[in-house]
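# Report on the structure
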Amino acid sequence: MSRTKAIFAGLVAGLLGGILMTTAMLLLAMLRVATPLVIIGDRLSVFIPPGPFLSLMGKVGGYNHLKQLGVGSTIAGQLLVAAIVGAIFGSFVRRNPSRIPAIWTMSIFVLFPLVAFAIALWPVLGTSYIGLPIEVARLVTLVGFALCVFLFERTLVTGFQFLTTRKIANHDYEFTPAMGRRAFVLGAIGLAAVGGGVALARKLYRAAAFSYDGTQYKGPIVQPITPNDLFYCVTKNVIDPKVNIDLWHLEIGGLVQNPATWRFQDLTGFKPTTQETTLMCISNDLDAGLISNAIWKGVPLRDLLDQAGVISGAARVRLQGVDNYTDTIPLEKAMQPTTLLAYEMNGVPLPDRHGYPLRVIVPGYFGEKHVKWLTRIEVADANAKGFYETQGWGPDFITPTRSRIDVPEYDSGFFLGQLGAPIEVKGIAYGGDRGISRVEVSFDGGKSWRDTEIYYSGGNLAWSLWKTSWTPATAGDYTLVVRATDGKGDTQEWYEERGPFSGVAGLHQTVVHVRA
Ligand SMILES: Nc1nc2c(c(=O)[nH]1)N[C@H]1C(S)=C(S)[C@@H](COP(=O)(O)O)O[C@H]1N2
Ligand SMILES: [Mo]
């Protein structure tokens, strides 16, 4: 057979193999098994420092688009590699296409990729969107991948042979004349698989986190307690876990005397605590709504650590979710009675997107530390790092004091003559785990300040809501600014140096127009 024909046949068979393999991965994703389509992104993103990460995100139009780009390019890359590998394969076996030793193709197309995959993605293999324990999840991911590459190998070999040989009375002959027709048959199978793949991808897209990742809570709707369905939301995942409680468990290990595994029911053996706590993302801009407040019920992390018996050398606690998200907190913070493993949010079990069945609550630390879908607690030394810490966020994860004007909204206009009553000005103030003691507003861009009324205080770990009324004397454009003082007596400054990746601090200002 000519080299060109062999390369063409290999390319077609390889591409078909790639398509079937990708469709199989989408099918696995439907079963909530981790596939290269998403975990390659997880593996790579820890190598991108926050600066380039943010500018990349800006360039592609946000975190959601970045995730879509990640999955899309993995699929495209996979198909490209499959076609190229197929072409090379074709040119190698062209002299004897009917006698391709299976041991050979199995080693090259199944065993080798499997080993390479296991080595390259080892840290993220233990991901399960259904909540399997990490070790089981790792095995399931590997088996899933093995099935996918096996499918590729079989399709490549049989597809190539189908295109290039025919059997007559148990003899194989080269089958060149009809290659075109047979390529057409494979093309039809490929198209059907693409159709199935696209249908699966659409279903997965609807189940994905795109519709709610980045949800903000701000403006006139803000109430003391954020309703669960309005609570801000951030996730690293394309599709969030939906944990099956019967499969899930919580491990506690590392630098402890008694490593243990807990089932969900076991947690009811600990004395529960109910606590109001505000969460805020490290990326929350001065005017943004990546901050919300809820009442959490759970058990103090300390109670589990005490049972496990922390041993010397321990300095940090590493928390891991079933989605392989990790973060660490200092051991002292872990031992505070207000650091919780929460299973209820505002009186109901945690919603899936907020970490069902169990998440960590770390008052006064950025949202990053509040690991959702928790499945492992590892007591570690001072070097332990989590997902965003490895990327290079931090070093400071303690939330600065922040405040925001929610009403009136930016750029609103009023007519002096039509003001029946004073203008209501209100918003939030949050002092990490230090509480809020005072909130002031300025109507002249920060030259003079006026006290406001704190009409709701959620305690030391939660935000306070403040309000005041304002009657502008003359028409003009006004710059309103807010500043809060925390429970320790520290007042927010216009600008506070925190390092570029430790979140922003500063005063929120807004502009309103008053006309005569
Ligand atoms: N397992 C897991 N936990 C996670 C994340 C994640 O992607 N996976 N995102 C973190 C980030 S960046 C933030 S700001 C908070 C958001 O919590 P929420 O969505 O419940 O508001 O969860 C944190 N916990
Ligand atoms: Mo976040």
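Since the model is a prediction, treat every value here as computed from it, not as a measurement.

What follows concerns the sheet that holds strand β12 (residues 374-380). The strand order β4-β3-β12-β7-β8 describes an open sheet built from 5 strands, whose pairing is mixed. Two strands bound the open sheet, and with one partner strand each, they are β4 (260-262) and β8 (326-330). Neighbouring strand axes in the sheet, compared pairwise and without regard to direction, differ in orientation by 20° on average. For strand β7 (residues 316-321) and β12, the ladder comprises 6 bridges, and the chain directions are antiparallel.

The strands that make up a sheet are held in pairs by hydrogen bonds between backbone atoms, and each pair lies either parallel or antiparallel. Spatial strand order, β13-β15-β19-β18: 4 strands in an open sheet with antiparallel pairing. Each having just a single partner strand, β13 (402-407) and β18 (453-457) make up the two edges of the open sheet. Shown here is a sheet whose adjacent strand axes are inclined to one another by a mean of 25°, direction ignored. Relative to strand β19 (residues 464-470), β18 runs antiparallel, the two being bridged by 4 bridges. If you follow Ser457 over to β19, its bridge partner there is Ser464.

Right, let's talk about the site of ligand 1 for a bit. Close contacts around ligand 1 come from 18 residues, with Tyr232, Lys236, His354, Arg359 and Lys372 the closest. A distance of 2.7 Å separates an oxygen atom of ligand 1 from a polar atom in the side chain of Arg359. A distance of 3.2 Å separates a nitrogen atom of ligand 1 from a polar backbone atom of His370. Expressed as a share of its isolated accessible area of 540 Å², the protein-covered part of ligand 1 is 100%.

Counted according to the given criterion, the structure contains 19 salt bridges. Where Glu153 meets Arg154, a salt bridge forms, and the shortest distance between an N and an O atom there is 2.7 Å. Between Arg376 and Glu251 there is a salt bridge, with its nearest N and O atoms 2.9 Å apart. With Arg376 in strand β12 and Glu251 in strand β3 (residues 250-254), this pair connects stretches of sequence that are 125 residues apart. The burial state of Arg376 is the same as that of Glu251; both residues are buried.

What follows concerns the nonpolar core. Leu250, Trp296, Leu304, Leu305, Leu341, Leu374 and Ile377 are the most contacted members of the largest nonpolar core, which totals 63 residues. A total of 5 residues in this core trace back to one element, the largest contributor, which is strand β9 (residues 340-345). The contacts of Ile377, once residues within four sequence positions are left out, are Leu250, Glu251, Ile252, Gly253, Leu301, Leu305, Val317, Arg318, Leu319 and Leu341. Core analysis: the second largest hydrophobic core is formed by 46 residues, Ala9, Leu163, Leu204 and Val238 among them.

Per the domain assignment, the segments making up the protein are domain 1 (3-207), domain 2 (228-391) and domain 3 (402-515). Taken over C-alpha atoms, the centre of domain 1 sits 36 Å from the centre of domain 2. Our count for the domain 1 to domain 2 interface comes out at 2 salt bridges. Between Asp42 and Lys236 there is a salt bridge whose closest N-O contact spans 2.9 Å.

Further remarks concern empty space enclosed by the protein. Applying the stated criterion across every chain, the model contains 3 cavities of 30 Å³ or more. The volume enclosed by the largest cavity comes to roughly 260 Å³. Along the walls of the largest cavity sit 20 residues, with Val234, Arg359, Gly367, His370 and Lys372 positioned nearest its centre. In the lining of the largest cavity, the residues fall into 10 nonpolar, 5 polar and 5 charged. Roughly 60 Å³ of internal volume is contained in the second largest cavity. Lining the second largest cavity are Gly219, Pro220, Val222, Asp406, Val407, Lys426, Gly427, Ile428, Tyr455 and Leu465.

Calculation notes
Sequence order sets the numbering: in each chain, residues are counted from 1 along the sequence as written. Written order decides the labels, with chains lettered from A and ligands numbered from 1. Local features in a predicted model are, by the rule used here, given only for residues with pLDDT of at least 70; side-chain atom pairs are given and counted only at 80 or more, and totals for whole chains, interfaces and linings are based on all residues. Neither water nor hydrogens contribute to the side-chain values; these are computed over all heavy atoms in the structure. Criterion used throughout: strands pair if DSSP finds at least two bridges between them. Here a helix means four or more residues in a row that DSSP labels H or I, a strand means two or more in a row labelled E, and each is numbered from the N terminus. Lines are fitted to the C-alpha atoms to define the axes, a helix being fitted only along its stretch in contact, and any angle between axes, read from their N-to-C directions, falls within 0 to 180 degrees. One heavy atom within 4 Å of a molecule or strand makes the whole residue count as near it. Distance and chemistry together define a polar contact, namely a pair of N or O atoms within 3.5 Å, with one atom able to donate a hydrogen and the other to accept it when in protein, and with adjacent residues in sequence counting only for side-chain atoms on both sides. For every accessible area listed, the method is Shrake-Rupley and the probe measures 1.4 Å; residues are considered covered only by the protein chains on display. Here, a salt bridge means any Lys or Arg side-chain nitrogen found within 4 Å of an Asp or Glu carboxyl oxygen. Per-residue accessibility, obtained with a 1.4 Å probe over protein chains only, is compared with the maximum for each type, and a residue is labelled buried under 20%, exposed over 50%, and partly exposed between these values. We call a set of buried Ala, Val, Leu, Ile, Met, Phe, Trp, Tyr and Cys residues a nonpolar core when their side-chain atoms join them within 4.5 Å. Working rule for contacts: check all heavy atoms of both residues, and any pair within 4.5 Å makes them a contact. Bear in mind that the domain bounds are from an automatic or database domain assignment. Cavity: a set of points on a 1 Å grid over the protein atoms alone where a 1.4 Å probe fits but cannot get out. Pocket: an open set with protein on both sides within 12 Å along at least five of seven lines, its lining residues, like those of a cavity, having an atom within 4 Å of a point. Grid points are joined across faces, edges and corners, and a volume is the space filled by probe spheres set on the points. Residues are sorted three ways: Asp, Glu, Lys and Arg are charged, Ala, Val, Leu, Ile, Met, Phe, Trp, Tyr, Cys and Pro are nonpolar, and all the rest, Gly among them, are polar.

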